[in-house]
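If you want the building blocks of each chain, they are given just below.
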Amino acid sequence: MSDTLKVWFNGALRDLEECNVSIRSHALHYGSSVFEGVRVYRTHRGPCAFRLNDHLKRFFWSASIYRIPMKYSFEAIHEACMATVRANGYESAYLRPVAFRGDCGLGVMPGDMNVVETAIIPAEWGTYLGEGVLERGVEVCVSSWQRVAPNTIPAGAKAGGNYLSSFLIVTEAKDRGFTEGIALGADGLVSEGSGENVFVINDGRILTPPVSASILGGITRDTAIKLARKLGYELVEQSISREQLYAADEIFFTGTAVEITPVRKVDHLLIGDGTRGPVTTAVQDAFFGLFDGRTEDEWGWLEPVGSN
Ligand code: PMP
């Protein structure tokens, strides 16, 4: 394990302390960054990045929406992610690829559209929402903050500025004594948590809001959909009302950071009997089974980090 954190920054692996950007960076003033969160798991096949290709596709797509010209090819960033894990000697990790507008003038319209900084920052992250939550579940509220409305700031792009909304949602939740908040969209229907997608189980059917519902189309969401269908569950992408949350037999969150986390209470109302339910348990088992070989990776989601 290396002593200093090694970060891939603008084309090379460097010590964290050497990675500096200008205080005039456009992204600092206007939120013009796009990023990803990717997990590397310790697996039966050695350290593997999970769905790195899919994350990087979204990364490039988010950049294109904001006309951020990527300075490195898909393949170069893919290899840089793997090299960053290896350079830090990690068996498991969380990776944060980020591309943002740097020092290109103080106007909203960048003086030079081509000034882009690119980094891959690694971290060691355990369970995001706290110890034991994968079994016990979390208590959440419905936020008084709505998610961004369609045709305002696209919720489907993973851009830095979107996280002002996430910050307000999670901060309000914490202030009110909850672990996380679920936001409704401008139409009053369920969208997502501050950093996770929502799944509701009723009478054995699994429901999740469609990607048009002011949500980020989560990679873990897609993983849960495919695994649940593989397990034989009926899974429907459809609008969900606030009261459907309260009436649910089970609810779970999906996200790279939260993985698959049960929700045990919404607005103080117990979901089911307040314990992790059978459907959540089955999807969770299938998910974690990918990393120890119990679930066959028929989709090619595990990408070995490799050796130097
Ligand atoms: N919604 C939001 C707002 C998020 O930040 C995230 C985390 N990236 C997700 C959903 C889940 O997406 P993923 O499964 O790709 O991590």
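About the criteria used
Sequence order sets the numbering: in each chain, residues are counted from 1 along the sequence as written. With the structure being a predicted model, the display of local features is reserved for residues of pLDDT at least 70 and the display and counting of side-chain atom pairs for 80 or more, all residues being used for whole-chain, interface and lining totals. Each helix is a run of H or I in the DSSP string that is no shorter than four residues. Each strand is a run of E no shorter than two, and both are numbered from the N terminus. The globule rule used here is 2.2 Å times the number of residues to the 0.38 power, and the radius of gyration it is set against is calculated over C-alpha atoms. Three exposure classes are used. Buried residues have 20 or more other C-beta atoms within 10 Å of their own C-beta, exposed residues have 12 or fewer, and partly exposed residues fall in between, all C-beta atoms being placed from the backbone. Residue count minus one, scaled by 1.5 Å, sets the expected span of a helix. The C-beta atom of each residue is placed using the backbone, and any residue whose C-beta lies within 6 Å of a molecule or strand is treated as near it. Polar here means any residue outside two lists: the nonpolar Ala, Val, Leu, Ile, Met, Phe, Trp, Tyr, Cys and Pro, and the charged Asp, Glu, Lys and Arg; Gly therefore counts as polar. Here the arc refers to the set of directions running from the helix axis out to each C-beta atom. Per-residue confidence from the prediction method is given by pLDDT, with values spanning 0 to 100. Just so you know, the domain bounds were taken from an automatic or database domain assignment. What counts as a contact here is a pair of residues whose C-beta atoms, placed from the backbone, lie within 7 Å. Here an angle of 0 to 180 degrees is reported between the N-to-C directions of two axes, which are lines fitted to C-alpha atoms, with helices fitted over the stretch in contact. An angle counts as roughly parallel when it lies under 35 degrees, as roughly antiparallel when it exceeds 145, as roughly perpendicular when it falls between 65 and 115, and as oblique in every other case. Left-handed describes a crossing whose near helix is turned anticlockwise from the far helix by less than a right angle; the clockwise case is right-handed.

Visitor: How should the overall build of the protein be read in this particular structure?
Guide: Across its full length, the protein holds 8 helices and 17 strands. Here the C-alpha atoms of the protein give a radius of gyration of 20 Å, agreeing with the 19 Å that 2.2 N^0.38 yields for 308 residues. C-alpha extents for the protein along the principal axes are approximately 55 × 45 × 30 Å. Looking at the protein residue by residue over its 308 residues, the buried ones come to 44%.

Visitor: When you look at helix H6 (residues 219-230) in this model, what are you seeing that I'm missing?
Guide: Residues spaced three or four apart along an α-helix point in a common direction, a consequence of the helix completing one turn every 3.6 residues. Spanning 12 residues, H6 covers 16 Å between terminal C-alpha atoms, matching the ideal 16 Å at 1.5 Å per step. Looking only at H6, the buried set comprises Ile219, Thr220, Arg221, Thr223, Ala224, Ile225, Leu227 and Ala228. Following H6 by one or two positions, Gly232 has its phi on the positive side, about 95°.

Visitor: How should I be thinking about the site of the ligand in this particular structure?
Guide: Neighbouring the ligand are 14 residues, the closest being Gly218, Ile219, Thr220, Gly255 and Thr256. Elements that contribute at least two residues to the shell around the ligand include exactly H6 and strand E14 (250-255). A total of 3 residues in the shell around the ligand trace back to one element, the largest contributor, which is H6. Partitioning the shell around the ligand into residue classes produces 2 nonpolar, 9 polar and 3 charged.

Visitor: What should I look at first to understand helix H8 (residues 278-292) in this one?
Guide: Under the 1.5 Å per step criterion, the end-to-end length of H8 is 21 Å for 15 residues, consistent within 8% with the ideal 21 Å. Listed in full, the buried residues belonging to H8 are Val279, Thr280, Val283, Gln284 and Leu290. Each buried residue of H8 lies within a common arc of 130° when the element is viewed along its axis, so the set occupies one face. Along H8, the residues that are exposed and aim more than 90 degrees away from the buried face are Pro278 and Asp292. Gly293 lies just past H8 and shows a positive phi near 90°.

Visitor: Mind showing me how you'd approach the confidence of the model for the protein here?
Guide: Summary statistics for the protein give a mean pLDDT of 96 and a share of 99% for residues scoring 70 or more. The complex model carries a pTM of 0.97, and its ipTM stands at 0.99.

Visitor: How should the domain arrangement of the protein be read in this particular structure?
Guide: Often, the extent of an interface is quoted as the loss of accessible area upon association of its parts. The assigned domain composition of the protein is domain 1 (6-123) and domain 2 (133-292). The centre of domain 1, based on its C-alpha atoms, is set 26 Å off from the matching centre of domain 2. Facing 20 residues of domain 1, the contacting portion of domain 2 comprises 11 residues. Contributing elements (two or more residues each) for the side of domain 1 that touches domain 2: strand E3 (33-35), strand E4 (38-43) and helix H2 (52-65). Per element, the largest residue contribution to the side of domain 1 that touches domain 2 is 5 residues, and it comes from H2. Taken together, the residues that form the side of domain 1 that touches domain 2 break down as 8 nonpolar, 7 polar and 5 charged.

Visitor: I would appreciate a short explanation of the packing of H2 against helix H3 (residues 74-87) in the present structure.
Guide: For the pair H2 and H3, the least separation of the axes is 11 Å and the interaxial angle reads 130°. The angle between H2 and H3 places the two elements in the oblique class. The element H2 and its partner H3 pack so that their crossing is right-handed. In contact with Leu52, Leu56 and Phe60 of H2, H3 contributes Phe74, Ile77, His78 and Cys81.

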